[in-house]
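Overview (structure and organization)
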Amino acid sequence: MAQLTRRSVNLLKPFSASVFATRHLTTSDTTPITVETSLPFTGHKIEPPSRSVETTPKELLSFFRDMALMRRMEIAADSLYKAKLIRGFCHLYDGQEAVSVGMEAAITKKDCIITAYRDHCIFLGQGQWVLRGHGIVGAQVPLGCGLAFAQKYSKDENVTFAMYGDGAANQGQLFEALNMSALWDLPAILVCENNHYGMGTAEWRAAKSPAYYKRGDYAPGLKVDGMDALAVKQACKFAKEHALKNGPIILEMDTYRYHGHSMSDPGSTYRTRDEISGIRQERDPIERIKKLILSHDLATEKELKDYEKEVRKEVDEAIAKAKECALPDSSELFTNVYKKGFGVEILQSLGSDQSEPSDTQINNRELVVQNALSERSTPIDLAGGGSLARHQHVLPTATHRQQSCHVNRHQCPNNSRH
Ligand SMILES: Cc1ncc(C[n+]2csc(CCOP(=O)(O)OP(=O)(O)O)c2C)c(N)n1
Ligand SMILES: [Mg+2]
């Protein structure tokens, strides 16, 4: 994802309010409609929720709009990356949009979401408390459980959705975090986005048990059709209620990514083109909502086509605007990386100057880190970031690990394949 962030903020700004402001179609109808989910939920150690989901014309149209926007944005990101206008790593989300919009519909702006690098649409969908961009597979889950701990501690009745992939589901730290969350009844919802591949490795080659919703053993779980936005909404509502009363729960979202793992992966060497086109034809999340809209007579085919055209135009205009924008100053790379009181002082105390760090030092993290490192007499595990983090008495977050890669890239275990 790397360098997309700053520009993508500019890129996305015009969409949120304006896309449908000019439509004639009514997008404010809140008459309740009951719809059956595509598949039943399957529960582990819990009675699953009903397949009947309450929705409204307004919600269905907004699901359609939001997913069309996400899809278009990701396709545009693909082209911009290939034109070398977006650099760094870029992991696209198209195919998985129903998870983002369904989750958004079930939660409040005070709930937290933490996810990894396949994150553009989560950010676009939620526009709220989203922590994203973790490049160390699975590392965001213990952090998410920490957020849930804070929520429980402050008695604020909110929950954290900690998202991870099927590949990450085999990571030991997930089980450690789940154990503590269950012991302390933390409001943590572990959301496994099972797109069936971790890079080029199919789940059956990586997981002895690919029933990820059961992998919490003592913690309840639910298997959800992650291509059905309404099923995702129902499951997230259910999980939130459960987590606030009883502690953690796992949601396995059965989903699919249309693109390869990242831009260097064409995505067709370890799976067949037929598999991809089969999912597009039979399970596409946008098509599913489109069929519901048409069958309930909420819009015509032509009106939906016009929606898509408008979304495309908005994205094109935003790209044109983004291309005109000046690149941000390089100091922006470090803005808000450290917050006062959360680590900078400790880093700084490892250096020679014991006075309060200046704004330049806070912004220029590289300098601060290098000062700190040059004063140390014992070797530091730069590759893992762990011992550096321990010396700072702060959590070894992905930020620290990225910082380690930056300081000494040749020791980074993932240097060649992200
Ligand atoms: C600890 C760790 N191991 C390996 C990698 C290399 N890696 C990056 S992404 C990835 C696949 C993860 O797959 P999954 O969790 O299913 O997420 P998806 O990409 O499918 O969304 C791997 C192995 C890494 N970044 N971190
Ligand atoms: Mg995966």
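See the structure shown above.
Residues numbered from 1 in each chain as written. Chains lettered and ligands numbered in written order. Predicted model: local features only at pLDDT ≥ 70, side-chain atom pairs only at ≥ 80, totals over all residues. Heavy atoms only, no water.

Here the magnesium ion (ligand 2) is held by Asp-166 (OD), Asn-195 (OD1) and Tyr-197 (O), and the distances to it run 2.1 Å. Between consecutive donors of the magnesium ion (ligand 2), the numbers of intervening residues give the motif D-x28-N-x1-Y. Here Tyr-197 lies in strand β8 (residues 197-198) and Asp-166 lies in the loop between β6 (160-165) and α7 (172-183), a separation of 31 residues in the sequence. A relative accessible area of 3% places Asp-166 in the buried class. For Tyr-197, a relative accessible area of 9% gives the class buried. (Donors = N, O, S within 2.8 Å, 3.2 Å for Na, K, Ca; no water. Helix = DSSP H or I, 4+ residues; strand = E, 2+ residues; numbered from the N terminus. Buried < 20%, exposed > 50% of the residue type's maximum accessible area, 1.4 Å probe, protein only.)

Within the secondary structure, Asp-265 sits in the loop between β11 (249-254) and α10 (273-283). Relative accessible area serves as the criterion here: at 15%, Asp-265 is assigned to the buried category. Considered as a pair, Asp-265 and Met-199 are 66 residues apart in the sequence and their alpha carbons are 8.2 Å apart. Other than its neighbours up to four places away in sequence, Asp-265 contacts Arg-257, Gly-260 and Tyr-270. A polar side-chain atom of Asp-265 sits 2.7 Å from the main-chain amide nitrogen of His-261. One polar contact links Asp-265 to Tyr-270, side chain to side chain, over a distance of 2.6 Å. (Contact = heavy atoms within 4.5 Å. Polar contact = N/O pair within 3.5 Å; in protein donor to acceptor, adjacent residues only side chain to side chain.)

This part is about the pairing of strand β3 (residues 52-55). Covered by surrounding structure in β3 are Val-53 and Thr-55 only, the residues Ser-52 and Glu-54 on the alternate face being uncovered. In the sheet, strand β1 (residues 33-36) pairs with β3 via 4 bridges, with the strands oriented antiparallel. From the neighbouring strand, Ile-33 faces β3, where its bridge partner is Thr-55. (Pairing = 2+ DSSP bridges.)

Before going further, it helps to examine the environment of Ala-243. Summarising the element assignment, Ala-243 is placed in helix α9 (residues 229-246). Spatially, the C-alpha atoms of Ala-243 and Thr-160 are 9.3 Å apart, while their sequence positions differ by 83 residues. Not counting the four nearest positions on each side in its chain, Ala-243 is found in contact with Val-159, Leu-186, Pro-187, Ala-188 and Ile-189.

Moving on to the nonpolar core. Of all hydrophobic cores here, the largest spans 49 residues; its most connected members are Phe-161, Ile-189, Leu-251, Ile-289 and Ile-293. Discounting residues that sit within four places of it in the chain, Phe-161 has contacts with Met-103, Ile-107, Cys-112, Ile-113, Ile-114, Ile-189, Val-191 and Cys-236. Ranked by size, the runner-up nonpolar core spans 17 residues in total, among them Val-141, Ala-169, Ala-177 and Leu-190. (Core = buried A, V, L, I, M, F, W, Y, C linked by side-chain atoms within 4.5 Å.)

Turning our eyes to something else, we now look at the site of ligand 1. Taken together, 16 residues sit near ligand 1, with Tyr-117, Arg-118, Gly-135, Gly-167 and Ala-168 positioned nearest. For ligand 1, an oxygen atom lies 2.9 Å from a polar atom in the backbone of Tyr-197. Contact distances for ligand 1 include 3.4 Å between an oxygen atom and a side-chain N or O atom of His-261. Contact with the protein chains removes 80% of the 590 Å² of surface that ligand 1 exposes when unbound. Considered class by class, the residues forming the shell around ligand 1 number 6 nonpolar, 8 polar and 2 charged. (Near = heavy atom within 4 Å. Areas by Shrake-Rupley, 256 points an atom, 1.4 Å probe, with all protein chains shown as cover. Nonpolar A, V, L, I, M, F, W, Y, C, P; charged D, E, K, R; others polar.)

On to the packing of aromatic side chains. How two aromatic rings sit relative to each other is given by the distance of their centres and the angle of their planes. The final tally for this structure, using the stated rule, is 5 aromatic pairs. Measuring from centroid to centroid gives 5.3 Å for Tyr-197 and Tyr-270, while their planes differ by 55°, and the two rings are tilted. Of this pair, Tyr-197 sits in strand β8 while Tyr-270 sits in the loop between β11 and α10; the two residues are 73 residues apart in sequence, bridging distant segments of the chain. When the ring centre of Tyr-197 is taken as reference, the NZ or CZ atom of Arg-271 above it lies at 5.7 Å. The cationic tip of Arg-280 hangs over the ring face of Tyr-258; the distance from NZ or CZ to the ring centre is 4.0 Å. (Phe/Tyr/Trp six-rings, centres within 6.5 Å; stacked < 30°, edge-to-face > 60°. Lys NZ or Arg CZ within 6 Å of the ring centre and 35° of its normal.)

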